[in-house]
Structure formats: C-alpha cells, structure tokens
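Observations on the model geometry
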Amino acid sequence: MKIIIAGGGIGGLVTALRLHQAGFEVKVFESVEEVKPLGVGINILPHAVRVLTNIGLLPKVSAIAVETKELIYANRFGQFFWSEPRGKFAGYRWPQFSIHRGKFQVMLWEETLKTIGAENLKTNCHLHSFEEKGDKITATFINKETGQIVAEEEGDILIGADGINSVLRQKLYPNEGGVVFSGNILYRGTAKIKPYQTGSSMAMIGSNKQKMVIYPIGEPDADGNQVINWVANVREPEGAKITVRDWNRKVEKGLLLELYKDWKFDWIDVPEMIEKTDGGIFEFPMSDRNPLDKWSFSRVTLIGDAAHPMYPIGSNGASQAILDADALALALLAEKDVIQALVHYDQERVPATAKVVLQNRQKGPDFIMDLMEERFPDGFSEDEIPHEELAQIMNQYKQVAGFDIQSLNAKT
Ligand SMILES: Cc1cc2nc3c(=O)[nH]c(=O)nc-3n(C[C@H](O)[C@H](O)[C@H](O)COP(=O)(O)OP(=O)(O)OC[C@H]3O[C@@H](n4cnc5c(N)ncnc54)[C@H](O)[C@@H]3O)c2cc1C
C-alpha cells in the first residue's frame with residue numbers, strides 16, 4: 001500500500017517514519033524549498049515520547065533536548081503556588097522533553113531521508129488538489145511561488161499533514177473559513193541566561209491576563225549560561241480581528257520590556273531575559289479552529305495541526321500530532337479495508353483531540369493561574385494555597401490529554 005503525505009512538519013515526518021515502520025510505502029511532499037530550523041521551543045510529553053521511543057528515535061531526540069524535571073507555577077510577584085515533577089521524575093516510563101521545534105523537525109527530516117530515501121521526500125511541492133478514481137487517489141502538487149504543477153502522485157491514501165492553514169482541510173471543508181482568534185497574542189523568543197531553579201524546570205508565571213512561560217531548551221555552556229525559551233501571553237485589545245496565523249512574524253522588544261518591567265524575582269529576572277533575547281521576538285496570534293466531526297473521507301484524511309489546531313497550552317500541539325501518527329499506523333495494520341481503517345482512526349482520534357482543543361480554550365491546566373490571581377490579587381501566604389483544588393484541575397487535564405500516569409504506564 002502506498003501512502004502520500006502532504007506536509008513535512010513534525011506531524012508529517014513522524015507519520016512517515018511510523019507508517020514505514022509498520023511496513024507501508026510512504027512518500028512525503030513538503031511545500032517549502034528547504035526545511036530550516038524555524039520556531040522556538042516546544043514540549044513533547046511522555047505519551048508522545050513513548051511513540052518516538054518505539055520508532056527508535058529516543059537517542060536522537062534526547063541528544064538535542066532538555067529532559068524536563070518539573071513544572072512550576074508562580075503568580076505575577078514570582079511566588080510559587082504549584083510544583084509537580086514531570087516525565088520520568090514523576091514516575092512515567094518515558095521522559096518529557098523541552099526542545100527547539102526547528103532542530104527537532106530538521107532531525108526528523110534527516111531521519112526520514114535516511115529511512116525512505118530522497119526519492120520519497122520531496123521539497124517545493126505544495127499540495128494543490130486531489131482526485132479519487134476507483135481505488136486510487138492522485139494528488140497534484142505545485143511550486144507555491146510559480147503556481148506550476150511539479151508533481152502528480154498516485155497512491156492508496158492521501159494524508160493532509162499540512163498544518164493550520166491546510167489545503168486538504170479546506171478542500172474537505174470549503175465553507176469553514178479562517179482560524180478562530182483567541183484574543184491573546186503570544187510573543188516568543190530565546191535568551192542565554194543563568195539557569196533558574198533545577199536548571200530544567202518549566203515555569204508558568206502570572207495569569208491569563210498577562211503570562212510568561214519559560215523553559216530551558218539547551219544545556220549550560222562553558223560560562224554557565226543556558227538557552228531559555230520564553231513565551232509571553234498578552235491580551236489583545238477588544239475587537240482585534242486577526243485571521244492569519246503566521247509563526248514567523250517578528251516584533252521589537254520595546255512593548256515587552258515595558259509590560260514585564262516589574263517582573264524581577266529572586267529566581268528569575270524577566271526583563272533581563274527579554275533584553276538578552278537574540279534571534280528575534282516572534283509574534284503569534286493565538287488561534288485554533290473548531291473541532292471537526294470527521295477527518296477521513298474515503299481515502300483521504302488529516303493529522304496534526306491540519307486536523308486539530310489548538311492553543312499551545314499544556315504542551316500538546318506536537319504531542320497530539322505524534323499520537324495521531326501512531327493511531328493511524330495501528331488502524332491501518334488492524335484493518336485491511338483502507339476506508340474502514342480510516343474510519344477507525346477517526347473514531348479514536350477525532351473525539352480525543354476535540355476534548356484537548358476545547359479544554360485548551362478553557363485555559364487547560366493554566367486555569368489554576370487565574371484561580372490564584374482572582375483569589376489573591378495581591379499575593380498569598382503559604383497556608384492559603386488551595387493544594388487539593390489545584391491538584392484536581394491538574395489531574396483532570398492529564399486525563400483529557402491522555403497522559404495520566406496509570407493508563408500511560410500500562411502501555412508498551
Ligand atoms: C514555521 C513554524 C514554526 C512554528 N513554531 C512553533 C513554536 O515556536 N511553538 C509552537 O508551539 N508551535 C510552533 N509551530 C507549530 C507546531 O510545530 C505544530 O503545532 C505541531 O508540531 C504539529 O505539527 P504539524 O506537522 O501538524 O504542523 P506544522 O508544524 O505546521 O507543519 C506543517 C508542514 O506542512 C507544510 N505545508 C503547509 N502547506 C502545505 C501544502 N499545501 N502542501 C505540502 N506541505 C505543506 C509546512 O511547510 C510545514 O512544514 C510552528 C509551526 C511552523 C510551521
């Protein structure tokens with residue numbers, strides 16, 4: 001069976017590797033001319049690391065990632081109110097990784113190239129359209145710049161792994177319209193500064209009014225400095241209408257330095273971190289799309305951001321794409337009838353990811369930040385922290401996103 005994948009992002013490449021491992025022939029078509037290490041940090045949760053481990057990628061991933069030890073939450077005065085161990089430190093059989101998105105994609109690209117060969121991994125091929133005839137499907141790819149047809153490929157299945165602005169999704173749902181903007185703008189960057197807390201702690205500071213997420217994505221250098229990824233989350237003025245989600249738009253530091261000028265704590269100096277940011281600050285209007293009832297139409301289906309773009313809250317964007325890849329391979333292995341296998345894939349992944357999209361709209365685990373801000377706007381004393389209530393919220397998110405420790409550790 002031959003499977004055509006449109007999109008060579010994290011989702012498309014892991015799908016290619018997982019399907020190849022399952023014994024299927026795969027061919028990937030990526031829109032850009034050259035895959036460059038774009039983006040900043042992302043997290044990969046234990047449920048997704050399990051899939052990467054089973055494909056044999058664990059050594060390669062851990063070589064370019066930081067193993068996350070703990071997740072900590074603090075209010076806008078830098079006071080901690082929640083901490084929990086993560087990954088193996090929490091007893092999972094698999095680690096949690098903080099990693100540079102672009103480095104991860106490039107590593108996956110090189111692995112895919114080695115595994116399926118250059119003839120099956122094409123750049124400069126932007127999915128344009130598809131046609132199903134009998135039991136075959138033909139996908140047509142164009143050069144995005146010139147609009148010229150550059151490839152026509154026949155296969156048994158076509159997978160849209162073409163991200164938030166998926167062409168395939170648009171063909172399947174022509175009336176869907178643009179992305180849904182959350183009203184929040186994310187600003188992202190990386191800075192080399194001295195390690196804070198354990199040296200591999202993911203920290204969430206503030207509330208949804210104004211938030212800062214930080215985590216290291218590199219080990220300390222000879223001077224003891226470490227690359228820290230940061231994401232500032234700021235409310236957009238009322239009425240802002242942003243419909244394009246572009247990951248690569250750069251902005252100046254000024255606005256952020258002003259907004260975060262008072263966030264100097266004894267464990268991290270946020271203005272200093274913003275000041276030391278190099279490589280640019282990227283703006284990203286936090287957006288998603290409404291969950292769909294169905295991704296699979298006969299021999300065509302979707303995965304990753306094409307299927308379920310979600311707010312990057314709770315570290316699930318890339319992780320859920322990796323889980324899709326595994327579920328798709330298992331569905332195709334279990335059911336010979338391709339169309340029926342895709343129905344089974346839908347039955348497993350459509351409702352599971354819809355829950356995460358919707359939960360992230362309710363702020364996901366970061367709901368506890370607003371709870372603390374509302375109850376203690378001027379700070380709190382140790383004995384006021386509602387530990388049990390916070391624990392309930394955190395545990396519920398793990399169940400929704402499929403990484404509660406008992407069910408995950410029971411898997412191989
Ligand atoms: C440039 C970039 C930077 C990002 N930076 C961050 C970040 O800093 N933090 C974060 O949390 N998430 C980031 N993301 C999103 C994150 O990578 C995804 O949420 C997650 O990894 C799921 O990946 P995906 O493969 O489904 O989608 P994506 O990562 O969006 O990958 C989609 C791929 O498909 C290609 N493509 C698009 N249209 C077509 C087409 N018609 N035909 C063929 N190929 C096509 C794209 O070039 C891309 O390589 C970024 C995504 C991109 C594309």
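Before reading further, recall that the structure is shown in the block above.
Here goes a summary of the coordinates provided. (Residues numbered from 1 in each chain as written. Predicted model: local features only at pLDDT ≥ 70, side-chain atom pairs only at ≥ 80, totals over all residues. Heavy atoms only, no water.)

**With respect to the environment of aspartate 246**
Structurally, aspartate 246 is set in the loop between strand S16 (226-235) and strand S17 (249-251). The class of aspartate 246 is partly exposed, set by a relative accessible area of 30%. Here the alpha-carbon distance between aspartate 246 and valine 40, two residues 206 residues apart in the chain, equals 13 Å. Setting aside residues up to four positions removed in sequence, aspartate 246 forms contacts with Glu283 and Phe284. (Helix = DSSP H or I, 4+ residues; strand = E, 2+ residues; numbered from the N terminus. Buried < 20%, exposed > 50% of the residue type's maximum accessible area, 1.4 Å probe, protein only. Contact = heavy atoms within 4.5 Å.)

**Thoughts on the nonpolar core**
In this structure, Leu19 and Phe104 are the most contacted members of the largest nonpolar core, which totals 78 residues. Broken down by element, the residue count for this core peaks at nine residues, all from helix H9 (residues 317-334). Excluding anything up to four places from it in sequence, phenylalanine 104 contacts Ile10, Ile42, Ile44, Leu52, Val61, Ile64, Ile99 and Ile322. One finds Ile193, Ile205, Ala232 and Tyr260 within the second-largest nonpolar core, a separate group that totals 51 residues. (Core = buried A, V, L, I, M, F, W, Y, C linked by side-chain atoms within 4.5 Å.)

**Considering the pattern of salt bridges**
This model, assessed by the stated rule, comprises 22 salt bridges. Members of the salt-bridge network, linked through shared partners, are Lys2, Lys27 and Glu153. (Salt bridge = Lys/Arg side-chain N within 4 Å of Asp/Glu carboxyl O.)

**As for the site of the ligand**
By nearness alone, 32 residues border the ligand, and Glu30, Arg101, Leu127, Arg188 and Asp305 come closest of all. Note that a nitrogen atom of the ligand is positioned 2.8 Å from one of the backbone N or O atoms of leucine 127. Its free accessible area being 920 Å², the ligand has 88% of it covered by the protein chains. Contributing elements (two or more residues each) for the shell around the ligand: helix H1 (10-21), strand S3 (41-44), helix H4 (101-116), strand S9 (126-133), helix H8 (304-307) and H9. With three residues, the single largest contributor to the shell around the ligand is H1. For the shell around the ligand, the class distribution of residues is 13 nonpolar, 14 polar and five charged. (Near = heavy atom within 4 Å. Polar contact = N/O pair within 3.5 Å; in protein donor to acceptor, adjacent residues only side chain to side chain. Areas by Shrake-Rupley, 256 points an atom, 1.4 Å probe, with all protein chains shown as cover. Nonpolar A, V, L, I, M, F, W, Y, C, P; charged D, E, K, R; others polar.)

**Looking at the environment of phenylalanine 29**
Positionally, phenylalanine 29 belongs in strand S2 (residues 25-29). For phenylalanine 29, a relative accessible area of 3% translates into the label buried. Separated by 24 residues in sequence, phenylalanine 29 and isoleucine 5 place their C-alpha atoms 6.2 Å apart. The residues contacting phenylalanine 29, other than those within four sequence positions of it, are Ile4, Ile5, Ala6, Gly7, Gly8, Lys122, Cys125, Phe141, Ala151 and Glu153.

**What to know about the sheet that holds strand S5 (residues 70-74)**
The strands that make up a sheet pair up through hydrogen bonds in the backbone, lying either parallel or antiparallel. Taken together, eight strands build an open sheet; the order of strands is S6-S5-S14-S15-S16-S13-S18-S17 and the sheet is mixed. Of all the strands in the sheet, the pair left with one neighbour each is strand S6 (80-85) and S17. The mean angle between the axes of side-by-side strands here comes to 20°, regardless of whether they run parallel or antiparallel. With eight bridges joining them, strand S13 (residues 180-193) and strand S18 (residues 277-288) adopt antiparallel strand pairing. Within S18, the position partnered with isoleucine 185 by the bridge is proline 285. Relative to the sheet, helix H11 (residues 367-375) contacts S5, S6, strand S14 (201-207) and strand S15 (210-216), its axis offset from that of S14 by approximately 45°. (Pairing = 2+ DSSP bridges. Axes fitted to C-alpha atoms, helices over the stretch in contact; angles between N-to-C directions.)

**Thoughts on the sheet that holds S9**
Read across the sheet, three strands follow the order S9-S10-S11 without closing on themselves; strand pairing throughout is antiparallel. Of all the strands in the sheet, just S9 and strand S11 (149-155) have a single pairing partner and so form its edges. Ignoring which end each strand starts from, the neighbouring axes of this sheet average 20° apart.

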